[in-house]
Amino acid sequence: MTSHDLAIEAIDLHKRYGSTTAVAGISLGVHRGEVFGILGTNGAGKTTTVEMIAGLRRPDAGQVRVLGLDPAVDRGEVRQVLGVQLQSSALHGSLTVTELVGLYSSLYPRPVPTGELIKQVGLTEQATTRFEKLSGGQQQRLSIALALVGRPRVVILDELTTGLDPRARREMWRTIENLRAGGVTVLLVSHAMEEVEALCDRVALFVAGQVEALDTPQGLTDRAGVSSLDEAFVALTGQEPEEVR
Ligand SMILES: Nc1ncnc2c1ncn2[C@@H]1O[C@H](COP(=O)(O)OP(=O)(O)OP(=O)(O)O)[C@@H](O)[C@H]1O
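Residues numbered from 1 in each chain as written. Predicted model: local features only at pLDDT ≥ 70, side-chain atom pairs only at ≥ 80, totals over all residues. Heavy atoms only, no water.

By the naming in an unreviewed UniProt entry, the protein chain goes by ABC-2 type transport system ATP-binding protein and is assigned to Ruania alba. Recorded in UniProt for the protein chain, the comment headed Subcellular location (unreviewed entry) runs: "Cell membrane". (UniProt positions renumbered as here; feature names shortened; annotations may be inferred.)

Written as structure tokens, this is what we have:
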């Protein structure tokens with residue numbers, strides 16, 4: 001496999017915040033068309049890593065390539081191919097769902113039609129509701145819609161289904177399956193073991209800013225000699241998985 005086959009390449013990333021080391025030498029290669037999961041306890045460096053991959057945070061050291069581009073340098077080009085949903089989105093509270101999706105659509109040459117996208121994330125009934133009046137789960141679904149509006153080739157989702165009810169959760173899983181079927185590469189940060197087990201081709205287990213193990217879900221459970229990813233996480237990292245928030 002050459003680096004041309006990689007949609008995302010992170011090489012020896014480091015990041016400190018004052019005296020806190022958040023990321024201490026992370027390297028990852030995500031194949032084109034793959035759904036790749038990052039699992040780790042609170043503070044393991046997951047968000048910092050995906051923010052560096054998205055070009056939203058500058059690494060102290062190390063390199064990132066997204067489809068061969070450097071997100072910190074080729075900002076305009078990367079914006080056209082990369083969709084990002086982060087944990088907290090700062091959106092204009094007085095705009096409605098339709099207005100926000102329309103605003104983001106205008107940034108792309110071939111956006112998903114606004115109504116179609118709103119339906120896809122289950123917000124048709126809230127189409128004329130202002131962002132500030134949406135529930136936490138609805139805001140979450142809107143932020144996922146905004147990550148997908150430009151038909152990205154690579155999508156980064158940080159805590160895809162945290163805070164969503166079971167039905168919305170299943171719909172999001174279906175959305176991921178559809179992205180995979182369309183050849184889109186997905187990098188997924190999650191606390192939910194069953195979500196990662198169900199969706200991801202490969203998984204990286206993060207501990208204290210480093211990759212402790214990286215394999216298919218089956219490979220991780222085989223390696224740990226256990227029957228679930230939950231148990232493999234405990235066996236391979238020595239840490240208890242977090243409760244899903
Ligand atoms: N802006 C910041 N300023 C200072 N410290 C930070 C900042 N962002 C993160 N940290 C610290 O860096 C470490 C890694 O944080 P990060 O958010 O990347 O971890 P995480 O694995 O995403 O955690 P979580 O599951 O809680 O979201 C933590 O110790 C955190 O407190």
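After that view of the structure, there is still more to cover.
Caption draft 1: Summary view of the overall build of the protein chain. A count of helical and extended segments in the protein chain gives 9 helices and 9 strands. A compact globule built from 245 residues should have a C-alpha radius of gyration of about 18 Å, and the protein chain, at 18 Å, falls within 12% of that. Counting only C-alpha atoms and orienting by the principal axes, one finds that the protein chain spans roughly 50 × 40 × 40 Å. Residues classed as buried in the protein chain amount to 48% of the 245 residues present. Relative to all contacts within the protein chain whose residues are 6 or more apart in sequence, the contacts with residues 24 or more apart total 65%. When the accessible area of the protein chain is evaluated, it comes to approximately 11,300 Å², of which 47% is carbon and sulfur surface. Within the protein chain, one finds 24 positive and 30 negative side-chain charges whose respective centroids are separated by 7 Å. (Helix = DSSP H or I, 4+ residues; strand = E, 2+ residues; numbered from the N terminus. Rg over C-alpha atoms; globule rule 2.2 N^0.38 Å. Buried < 20%, exposed > 50% of the residue type's maximum accessible area, 1.4 Å probe, protein only. Contact = heavy atoms within 4.5 Å. Areas by Shrake-Rupley, 256 points an atom, 1.4 Å probe, with all protein chains shown as cover. Lys, Arg positive; Asp, Glu negative; His and termini not counted. Charge placed at Lys NZ, Arg CZ, Asp CG, Glu CD.)

Caption draft 2: Region of the structure containing the domain arrangement of the protein chain. Each assigned domain of the protein chain is listed with its residue range as follows: domain 1 (6-81 + 152-237) and domain 2 (88-151). The centre of domain 1, based on its C-alpha atoms, is set 23 Å off from the matching centre of domain 2. At the junction of the two partners, domain 1 supplies 16 residues and domain 2 supplies 13 residues. Here domain 1 meets domain 2 over a buried area of about 1,200 Å², counting both sides, of which 61% is carbon and sulfur. (Domains from an automatic or database assignment. Buried area = accessible area lost by both parts, 1.4 Å probe.)

Caption draft 3: A negative patch on the surface, seen in detail. On the surface, Glu197, Asp230, Glu231 and Glu240 cluster together into a negatively charged patch. Take Asp230: it is sitting in helix 9 (residues 229-237). Taking the relative accessible area as the measure of exposure, Asp230 reaches 37% and is therefore partly exposed. (Patch = residues over 30% accessible without salt bridge, like charges linked within 9 Å, V, L, I, M, F, W, Y side chains within 5 Å. Salt bridge = Lys/Arg side-chain N within 4 Å of Asp/Glu carboxyl O.)

Caption draft 4: Geometry of the site of the ligand. Taken together, 14 residues lie around the ligand, and Asn42, Gly43, Lys46, Thr47 and Thr48 are the ones closest in. Between Asn42 and the ligand, the recorded distance is 2.9 Å, taken from a side-chain N or O atom to an oxygen atom. For the ligand, whose unbound accessible area comes to 630 Å², protein coverage reaches 63%. Counting only elements with at least two residues in the shell around the ligand, the list comes to strand 2 (20-31) and helix 1 (46-53). Of all the elements, helix 1 adds the most residues to the shell around the ligand, at 3 residues. Counted by class, the shell around the ligand contains 3 nonpolar, 9 polar and 2 charged residues. (Near = heavy atom within 4 Å. Polar contact = N/O pair within 3.5 Å; in protein donor to acceptor, adjacent residues only side chain to side chain. Nonpolar A, V, L, I, M, F, W, Y, C, P; charged D, E, K, R; others polar.)

Caption draft 5: Up close: the layout of surface pockets. Here the second largest pocket defines a volume of roughly 320 Å³. Arg110, Val112, Glu116, Leu117, Gln120, Leu148, Arg151, Pro152, Arg153, Asn178, Leu179 and Val184 are the residues that line the second largest pocket. Of all the secondary structure elements, the ones that give two or more residues to the lining of the second largest pocket are helix 4 (114-120) and helix 6 (166-181). Ranked by residue count, the leading element in the lining of the second largest pocket is helix 4, at 3 residues. The class makeup of the residues in the lining of the second largest pocket is 6 nonpolar, 2 polar and 4 charged. Two domains each donate at least three residues to the lining of the second largest pocket, and these are domain 1 (6-81 + 152-237) and domain 2 (88-151). (1 Å grid on protein atoms, 1.4 Å probe; cavity = no way out; pocket = protein on both sides within 12 Å on 5 of 7 lines; lining within 4 Å. Points joined across faces, edges and corners; volume = space filled by probe spheres on them.)

Caption draft 6: Molecular detail of the sheet that holds strand 1 (residues 6-17). Read across the open sheet, the 3 strands follow the order 2-1-4; overall the sheet is antiparallel. Edge positions in the sheet fall to strand 2 and strand 4 (61-66), since each of these pairs with one other strand and no more. For this sheet the average axis-to-axis angle between neighbouring strands, irrespective of direction, equals 15°. The pairing of strand 1 with strand 2 spans 9 bridges and is classified as antiparallel. If you follow Glu9 over to strand 2, its bridge partner there is Gly29. Packed onto the sheet, helix 1 meets strand 1, strand 2 and strand 4 and runs at close to 125° relative to strand 1. (Pairing = 2+ DSSP bridges. Axes fitted to C-alpha atoms, helices over the stretch in contact; angles between N-to-C directions.)

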